[in-house]
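# Fold and geometry: a report
Below are the chains, spelled out letter by letter.
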Amino acid sequence: MEPQSDNSSAAPAGSGDKLLFWACFIALIATAFGFIVRTQIIGEWAKEFALSETQKGQINGAGLYPFAISIVLFSLIIDKIGYGKAIAFAFICHFASAITLITAKGYTSLYIGSFIGALGNGTVEAVINPVVATLFAREKTKWLNILHAGWPGGLVLGGVLSIFLGDTALFGLNAWQTKVGLIFLPVIAYGILMSFCKFPVNERVASGVPYREMLQEVGFLGALIAVAMIVGELGNQFGLDQTVQLIIGGVLSLGYGLYTRSLGRPMLIFLFLVMIPLAITELGTDSWITDLMGPSMQALGIQAGWVLVYTSLIMMVLRFFAGPIVHKLSPLGLLATSSVLAACGLVFLSKADGAMIIVAATLYGFGKTFFWPTMLGVVAEQFPKGGAMTLNTISGIGMLGAGVVGGSLLGYLQDTKVEQSLNTDKPAIYAAVRGEAKTSLFGTYTPVEDTKVSSLPAADQQLVRDVQGQAKKDTLLNVALFPCVMFVCYMILILYFKSQGGYKPQILVTEKEEEDIMMGGVAAPSEL
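Residues numbered from 1 in each chain as written. Predicted model: local features only at pLDDT ≥ 70, side-chain atom pairs only at ≥ 80, totals over all residues. Heavy atoms only, no water.

With that out of the way, let us pick up the overall build of the protein chain. Of the regular secondary structure elements, the protein chain holds 25 helices and 2 strands. A burial count over the protein chain gives 58% of its 528 residues as buried. Of all intrachain contacts in the protein chain linking residues separated by at least 6 positions in sequence, the fraction that spans at least 24 positions is 83%. Carbon and sulfur atoms make up 65% of the accessible area of the protein chain, which totals about 20,600 Å². (Helix = DSSP H or I, 4+ residues; strand = E, 2+ residues; numbered from the N terminus. Buried < 20%, exposed > 50% of the residue type's maximum accessible area, 1.4 Å probe, protein only. Contact = heavy atoms within 4.5 Å. Areas by Shrake-Rupley, 256 points an atom, 1.4 Å probe, with all protein chains shown as cover.)

This next bit is on the packing of helix H16 (residues 322-329) against helix H17 (residues 331-351). Two elements in contact, H16 and H17, have axes separated by 6 Å at closest approach and are oriented at 100°. What the angle tells us is that H16 and H17 run roughly perpendicular. Taken together, the residues of H17 that come into contact with H16 (itself represented by Ile325, Val326 and Leu329) are Pro331, Gly333, Leu334 and Thr337. For the contact of H16 with H17, the residue count by class is 5 nonpolar, 2 polar and no charged. (Axes fitted to C-alpha atoms, helices over the stretch in contact; angles between N-to-C directions. Parallel < 35°, antiparallel > 145°, perpendicular 65-115°, else oblique. Nonpolar A, V, L, I, M, F, W, Y, C, P; charged D, E, K, R; others polar.)

Here H16 has its buried residues at Ala322, Gly323 and Val326. Within H16, the buried residues cover an arc of 100° as seen down the axis, which keeps them to one side. Turned more than 90 degrees off the buried face of H16, the exposed positions are Pro324 and Lys328. Along its buried surface, H16 packs onto helix H6 (140-147), helix H15 (305-320) and H17. In the segment just after H16, Ser330 is the residue with positive phi, at about 80°. (Arc of directions from axis to C-beta.)

Let us now look at a nonpolar patch on the surface. A grouping of Trp22, Leu313, Val317, Phe320 and Phe321 is seen on the molecular surface, where their side chains present a nonpolar patch of about 470 Å² in accessible area. Take the nonpolar patch: its biggest share by element is 3 residues, from H15. With respect to the helices and strands, Trp22 occurs in helix H1 (residues 15-49). (Patch = residues over 30% accessible without salt bridge, like charges linked within 9 Å, V, L, I, M, F, W, Y side chains within 5 Å. Salt bridge = Lys/Arg side-chain N within 4 Å of Asp/Glu carboxyl O.)

Attention now goes to the pattern of salt bridges. Tallied over the full model, the rule gives 7 salt bridges. With a closest N to O distance of 3.0 Å, Arg265 and Glu217 form a salt bridge. Linking Arg265 in the loop between helix H12 (242-260) and helix H13 (266-292) with Glu217 in helix H11 (residues 211-237), this pair joins segments that are 48 residues apart in sequence. On the basis of relative accessibility, which here comes to 35%, the residue Arg265 falls in the partly exposed class.

Attention shifts here to the packing of H17 against helix H24 (residues 481-499). The packing of two helices is summarised by the inter-axis angle and the distance between the axes. Where H17 meets H24, the closest approach of the two axes is 8 Å, and the angle between their N-to-C directions is 165°. When the interaxial angle is binned, H17 and H24 end up roughly antiparallel. Judged by the sense of rotation from one axis to the other, the crossing of H17 with H24 is left-handed. When H17 is examined against H24, the residues Leu332, Gly333, Leu335, Ala336, Ser339, Val340, Ala342, Ala343 and Leu346 are found in contact with a partner set consisting of Pro483, Cys484, Met486, Phe487, Tyr490, Met491, Leu493, Ile494 and Phe497. (Left-handed = near helix turned anticlockwise from the far one by under 90°.)

A few words now on the nonpolar core. Within the largest apolar cluster, 119 residues are counted, with the highest numbers of intra-cluster contacts made by Trp45, Val180, Tyr190, Met194, Leu271, Met375 and Tyr490. Top contributing element to this core by residue count: H1, with 19 residues. (Core = buried A, V, L, I, M, F, W, Y, C linked by side-chain atoms within 4.5 Å.)

This paragraph deals with empty space enclosed by the protein. Here the structure, examined in full by the defined rule, presents 4 cavities of 30 Å³ or more. Gly34, Arg38, Ser97, Leu101 and Ile183 are, among the 20 residues lining the largest cavity, the residues nearest its centre. Counting residues per element, the ones that place at least two in the lining of the largest cavity are H1, helix H4 (83-102) and helix H5 (107-135). The biggest single contributor to the lining of the largest cavity is H1, with 8 residues. By residue class, the composition of the lining of the largest cavity is 10 nonpolar, 9 polar and 1 charged. (1 Å grid on protein atoms, 1.4 Å probe; cavity = no way out; pocket = protein on both sides within 12 Å on 5 of 7 lines; lining within 4 Å. Points joined across faces, edges and corners; volume = space filled by probe spheres on them.)

Further remarks concern the packing of aromatic side chains. Applying the stated criterion across every chain yields a total of 18 aromatic pairs. Seen from their ring centres, Phe49 and Trp176 are 6.2 Å apart, and the 75° between their planes marks the pair as edge-to-face. Remark: Trp176 occurs in helix H8 (residues 175-180) and Phe49 occurs in helix H1; sequence separation between them is 127 residues. Residues Phe49 and Trp176 agree in their burial class; the two are buried. Grouped by ring-pair contacts, the aromatic residues Phe21, Trp22, Phe25, Phe136, Trp143 and Phe320 constitute a single cluster. A cation over a ring is seen here: Lys80 above Tyr211, with NZ or CZ 4.7 Å from the ring centre. When the ring centre of Tyr259 is taken as origin, the NZ or CZ atom of Arg212, which lies over that ring, is 4.3 Å away. (Phe/Tyr/Trp six-rings, centres within 6.5 Å; stacked < 30°, edge-to-face > 60°. Lys NZ or Arg CZ within 6 Å of the ring centre and 35° of its normal.)

Looking at the secondary structure, you find Leu318 in helix H15. Look at Leu318 and you get buried, because its relative accessible area is 17%. Here Leu318 is in contact with Phe366, Thr369 and Phe370, once residues within four sequence places are set aside.

This brings us to the side chain of Gln382. Here Gln382 lies in helix H19 (residues 371-382). For Gln382, the side chain forms a polar contact with the main-chain oxygen of Lys504, separated by 3.0 Å. In this structure, Gln382 is in contact with Arg265, Phe497, Tyr503, Lys504, Pro505 and Gln506, ignoring residues within four places of it in sequence. (Polar contact = N/O pair within 3.5 Å; in protein donor to acceptor, adjacent residues only side chain to side chain.)

This part is about H15. An ideal rise of 1.5 Å per residue puts 22 Å on 16 residues; H15 measures up with 23 Å between its terminal C-alpha atoms. Here H15 has its buried residues at Gly305, Val307, Leu308, Val309, Thr311, Ser312, Ile314, Met315, Leu318 and Arg319. (Expected span 1.5 Å × (residues − 1).)

Attention now moves to unusual backbone geometry. Unlike most non-glycine residues, Arg261 shows phi in positive territory, near 55°. Among the structural elements, Arg261 can be located in the loop between H12 and H13. Accessibility expressed as a relative area gives 63% for Arg261, which makes it exposed. Even without glycine at this site, Ser330 takes up a positive phi of about 80°. Note that Ser330 resides in the loop between H16 and H17. By relative accessible area, Ser330 is classed as partly exposed at 25%.

None of this, on its own, says anything about what the molecule does.
Structure representation (structure tokens):
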């Protein structure tokens, strides 16, 4: 499968552009399917393959951080090889990932399958973000929000299908294998649609901005952030010495800096750093939300997966109506408001019981809705010369933040909280259920082994489960610190723009628009 070659230009949207937009939308749904299905079956994997909480977090992380590898690498070459070849690569990755996971035999194959799927996800976003930003160059934040309604839309659709499948086994597969197979539905759909699409020339290319100038927007500091996180995670997975990691990361970053002769745009570097807590707040928490809310939801007799489906439904609906909200608050005002709502929602979730969990989840859902696409919109509007590179690098750094830091951090916090609580209050029980010490990015920890817990008397089993449940809720409270930091950062940016006369998008003028202006005409913005 390979779409038609990139031989069209950025023009007012017609029927072909409508098809392209919805093909991009469905491709994003496919990326969400893999994510939501993993959250629904990670518990089953843990039981079948004896995974610790941190190993579960590492698998969740493998489903996120490789996204950055493919999105950054393709951003460097996508204007040269074309969007068609990139989306074909994503299609192959999604197929290979599903097959690897369905045939998995343990932690390693689960990790590899999740890794390949994340490479496909990153490649999808390397295509769809610059494509939509080019199609709607005058309303980037609005249309990127609408595009990214596909992510929660996929979470809702995939989540509902996964929950309703329950223990159903089809086509000779077991129940969790059947759920993994759900990803074939949107993957085949976007593969067929993309085959009939023609892609626009990127806004940066159409405006005649040189390749090196695009890279200069990110500069040495931006490259350093992305490269350090990628090399660090790959080094940890392949057992590379930290000195070797520093050398590899330093050489790659320095090479980028010498080629571009730029440190990077200061505001862009600032946004890159803010993207890390943003991604942990949204995707890091979403990776764990089913597991974190399990004990509380079970008390209500409701499957925990419905929490993520419900908050995703809120996101999907609100993102379709992002235009008027962005117009009213401005992109940065919307991000600051969202940070407050997300922080309050996470605190509320950590304390809520019973029906109040739904109220807390609603608040959290409202808070996280506009984070990701609005950040993309701000970068696209303020740094259009960066083309695909700036737009996709911030997505890559976000996935690195969620995958390298967020996924493992939330698992590590749970393991250590349970360890500390049991070792302090019930040392005899802790001695009976403790496993072997393990090492993670955040240090050494000693997990509790479920098989040993199952061998305890019923009262002691319940005590351990209660401690684990409290650790999960405490972890949500810890995560609430991240949106608080984000709020401060957005207020700094709001005050900066206020001192400059207000927030205004930067518009690149294409050669065609220059001709129209010279002749007294004005090129109309694209609309679906």
